[in-house]
Amino acid sequence: MKNRAHSLLKTDFRRNWVLYAMFLPVAAYFLVFYYAPMVGVSIAFQKFNMRRGIFGSDWVGFDNFATLFSGDTFPLVMRNTSVIALLNLTVGFVVPIILAIVFSELRDSAKAYKRTVQTISYMPFFVAAVVTTSLVKEFLGASGGLTKILSFFGLEQQNWLANPKPPVFWIIMCATEIWQGMGYGAIVYVAAIASINGDLFEAAAIDGANRWKRLWRITLPSITPLIIMMLTLKAGTVLMTGFDKALLLYMPKTYDVSDVLYTYTYRMAFSAQADYGLSAASGLFQSAINTTLLLASNYISRKVAKTSLF
Amino acid sequence: MEPTKVQNRIRAKRVHSGMVGGHSVADEITDVIIGLILLGVAFICVIPLWHVLMASLSDGRALLAHDGALLLPVGKLNFEGYKLVFKDSAILKGYGNTLLYVVCATSIGMCINIVGGYVLSRKTAFRPFMIIMLMFTMMFNGGLIPTYNVIRALGFVGTRWSLIIPGCTMAIFVIMLMNAFQSVPESTLESAAIDGAGHFRIMLQVALPQTGGITVVVLLNTVIIQWNAWFNASIYVTNKRDLWPLQLWIRQIVADNANILQGASPDYDRLLIQYAVIMAATIPILVAFPFFQKKLEAGVITGGVKG
């Protein structure tokens, strides 16, 4: 038995060695840039010393994690991260669906109009994070366009990005995400709605169902599986996307509401108060949460929507 | 005669858009409201960049005194900002760097994607193992500091390599190409093999042209990611301004301007340069956009349907 497996492998290798040779550089790339850092994660358990490296530094067990979890900033960081992620997962998730429904409710004679608006609506997705955040700063600064509109509604004219009161920064983050992602996120729903069998709408209309009823009874039920799938996918990646914008938008004055795991890890790594062990611990913690979310959402997606990423 | 399927669909579409049973007034109003909502959406998506474009063409002094979003340039039409951008050797260098990084990273990344995708699409004994090896990197990563340490150990920190190699691809792109190669009919590949073509020939001349949209989608995504990239540059070449891509210059100029304008006698043209440079960095993508939007859209849809 063992011998047979051995000879099978041998045949496979004789036949496919060219393929394996081709794969070597690819494997090398992922080993160096993805797997080597995973080994380097060990510095989260060390009192890391740059000069002595990861093999020479002293091991301190879970000390870095103890420091991380007991620090004053950690509860705030966790709160900010969760709130922003939750906003993106709820409001940020629903807006593209609503937009797609509005697109599909446009009458057929306005096809060119629909096409134009749809194209415009997902253009922001391709705008760079640096540019997007510059636009946010421009519009929400003390004399920005949006600030002016808000002051028209009785809100004090101010630089909104410097406002350290709780919901302000979170709303800015979520709104930025929506501006960038709504059109792009709508594409897949627009396609799904367009592929619903038109007979259903006809039958419903003949039976006297108005637009609103058709929306709730036909359109939404038809795309529910897709919605569930997209929601689980998004839940799995919600902590990985968009947070570089926090790094570009936050400032010391607003740390209490704007500091998230991503920015905290960054600051502990590259600033005057750098602490590599602590940063690695917080980075590992972040990765662990990401992995858990991804696997959990993948599991749910496989059970509920019968599709999965892995 | 039974109505054909097409006729059915056309009728159904009419029903869907409220055209059967006459135009009720309520339906007409709803149609108008929907049209207006979409107009608002388009406005919201366009106005930020439009404002920047108008600001870049404004008179610096008038612009500084102006509050709120611009629909038209304020003061005399003025191209000083763009002149400054094209005279500023640092920004031009940044532009050149960005182009260099996009071209190099995309080329290297696509080589990895195509070769990796092709190998993974073939039936070999180690295929499941190789797939798991890639998939795992999508689930877990070492994080900021451990990655930095690896790049440092390679001697990449402070060099262009740190911006070309580490971010040039990711597992999902290789997997996408694997799926694309798998969709190519096995028979065409077999007949090529019988004709004596080697794996490289089959991969590049027979299979790759048949992968269709997905290769283009991966390519476009890589280009856009590279064009917009700033984070790696900010940590790996922090103090080497010679190597900065355009995006880092934008960040720097916007930050500098916030301080300059606090001064007693601000340089008004300096104010314009930030708007001009934002446009210079964004216009290429927006101009190219109509040409590749169909492909990208198709990519998103198949990605969403397949999961």
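Residues numbered from 1 in each chain as written. Chains lettered and ligands numbered in written order. Predicted model: local features only at pLDDT ≥ 70, side-chain atom pairs only at ≥ 80, totals over all residues. Heavy atoms only, no water.

**Comments concerning the domain arrangement of chain B**
Residues and elements named next belong to chain B. Put simply, the rule reads: Domain start and end points were adopted from an automatic or database domain assignment. Only heavy atoms enter the contact rule, under which two residues are in contact if any of them lie within 4.5 Å. Joining two parts hides part of their accessible area as seen by a 1.4 Å probe, and the buried area is that hidden amount summed over both.
According to the domain assignment, chain B consists of domain 1 (5-78) and domain 2 (82-306). At the interface, 12 residues of domain 1 touch 13 residues of domain 2. Between domain 1 and domain 2 lies a buried interface of about 1100 Å² when both sides are counted; carbon and sulfur atoms form 82% of it. Sorting the residues of domain 1 by area buried against domain 2 places L49, S56 and L64 first, and these three jointly supply 41% of that buried surface.

**With respect to the side chain of Q118(A)**
Heads up, the rule is: Secondary structure elements are taken from DSSP: a helix is a run of H or I of four residues or more, a strand is a run of E of two residues or more, and numbering for both begins at the N terminus.
Here Q118(A) lies in helix α5 (residues 111-121). Discounting chain neighbours no more than four positions away, the residues touching Q118(A) are F103(A), I187(A) and V190(A).

**Description of a nonpolar patch on the surface**
Operational definition: Exposure above 30% relative accessible area and the absence of a salt bridge qualify a residue for a patch, where like charges join within 9 Å and nonpolar side chains (Val, Leu, Ile, Met, Phe, Trp, Tyr) within 5 Å. Accessible surface is estimated by sampling points in the Shrake-Rupley manner with a 1.4 Å probe; for residues, cover comes only from the protein chains shown. For this analysis, a salt bridge means a side-chain nitrogen from Lys or Arg found within 4 Å of a carboxyl oxygen belonging to Asp or Glu.
A surface patch of nonpolar side chains, amounting to about 600 Å² of accessible area, comprises F43(B), I44(B), V46(B), W50(B), L71(B) and L72(B). Its place among the elements puts W50(B) in helix α2 (residues 25-56).

**Considering the interface of chain A and chain B**
Formally: All amino acids are sorted into three groups, where Ala, Val, Leu, Ile, Met, Phe, Trp, Tyr, Cys and Pro are nonpolar, Asp, Glu, Lys and Arg are charged, and the leftover types, Gly among them, are polar.
The interface of chain A with chain B comprises 92 residues on the first partner and 101 residues on the second. In this structure, the connection of chain A to chain B is made through 4 salt bridges. A per-element tally of the side of chain A that touches chain B places helix α1 (residues 2-40) of chain A first, with 21 residues. A per-class count over the side of chain A that touches chain B returns 63 nonpolar, 16 polar and 13 charged.

**Comments concerning the domain arrangement of chain A**
All names here are of chain A. Applied cut-off: Polar contacts, as counted here, are pairs of nitrogen or oxygen atoms within 3.5 Å of one another; within protein the pair requires one atom able to donate a hydrogen and one able to accept it, and residues that are adjacent in sequence qualify only if both atoms are side-chain atoms.
Here the domain parsing of chain A yields domain 1 (2-61) and domain 2 (72-304). Placing the centre of domain 1 and that of domain 2 at their C-alpha centroids yields a distance of 36 Å. Opposite the 7 residues of domain 1 that make contact, domain 2 presents 5 residues. Surface buried jointly by domain 1 and domain 2 totals about 460 Å² across both partners, of which 86% is contributed by carbon and sulfur atoms. The interface formed by domain 1 and domain 2 holds 0 salt bridges in total. There are 0 residue pairs in polar contact (both at pLDDT 80 or more) connecting domain 1 and domain 2. Class assignment of the residues belonging to the side of domain 1 that touches domain 2 gives a composition of 6 nonpolar, 1 polar and no charged.

**With respect to the pattern of salt bridges**
The condition is simple: Burial classification: accessible surface area is computed with a 1.4 Å probe over protein chains only, and a residue below 20% of its type maximum counts as buried, one above 50% as exposed, and the rest as partly exposed.
Counted according to the given criterion, the structure contains 9 salt bridges over all chains. Across the salt bridge formed by R211(A) and D31(B), the nearest N and O atoms sit 2.7 Å from each other. Pair noted here: R211(A) is in helix α10 (residues 211-237) and D31(B) is in helix α2, and the two residues belong to different chains. Given the relative accessible area of 11%, D31(B) is considered buried. The structure contains a network of salt bridges with shared partners spanning E105(A), R107(A), R211(A), D27(B), E28(B) and D31(B).

**Quick word on the nonpolar core**
Cut-off, in case you're wondering: Only buried Ala, Val, Leu, Ile, Met, Phe, Trp, Tyr and Cys residues count toward a nonpolar core, and they belong to the same one when joined by side-chain atoms within 4.5 Å.
If you look at the biggest cluster of nonpolar residues, it comprises 178 residues, and the most contacted ones within it are F30(A) and Y189(A). Top element by residues in this core is helix α8 (residues 166-194) of chain A. It accounts for 16 residues. In this structure F30(A) touches Y35(A), I112(B), M133(B), L134(B), T137(B), T169(B), M170(B), A171(B) and V174(B), once residues within four positions along its chain are discounted. Counting 8 residues, the second largest nonpolar core, distinct from the first, contains L68(A), V77(A), Y264(A) and L278(A).

**Topic: the packing of aromatic side chains**
In plain terms, the rule: Any pair of Phe, Tyr and Trp rings, taking the six-membered ring for Trp, is counted once the centres come within 6.5 Å. Such a pair is stacked with planes under 30 degrees apart, edge-to-face with planes over 60 apart, and tilted for the rest.
The final tally for this structure, using the stated rule, is 31 aromatic pairs over all chains. Between F126(A) and Y184(A) the ring centres are 6.0 Å apart and the planes differ by 90°, which places this aromatic pair in the edge-to-face class. Pair noted here: F126(A) is in the loop between α5 and α6 (129-140) and Y184(A) is in helix α8, with a separation of 58 residues, a long-range link. On the numbers, 5.6 Å between centres and 90° between planes, the contact of W230(B) with F231(B) is edge-to-face. According to the relative accessible area criterion, W230(B) is buried, its value standing at 4%. Residue classification places F231(B) among the buried residues on the basis of a relative accessible area of 15%. One aromatic cluster in this structure is built from Y262(A), Y266(A), F270(A), Y148(B), W230(B), F231(B) and Y236(B).

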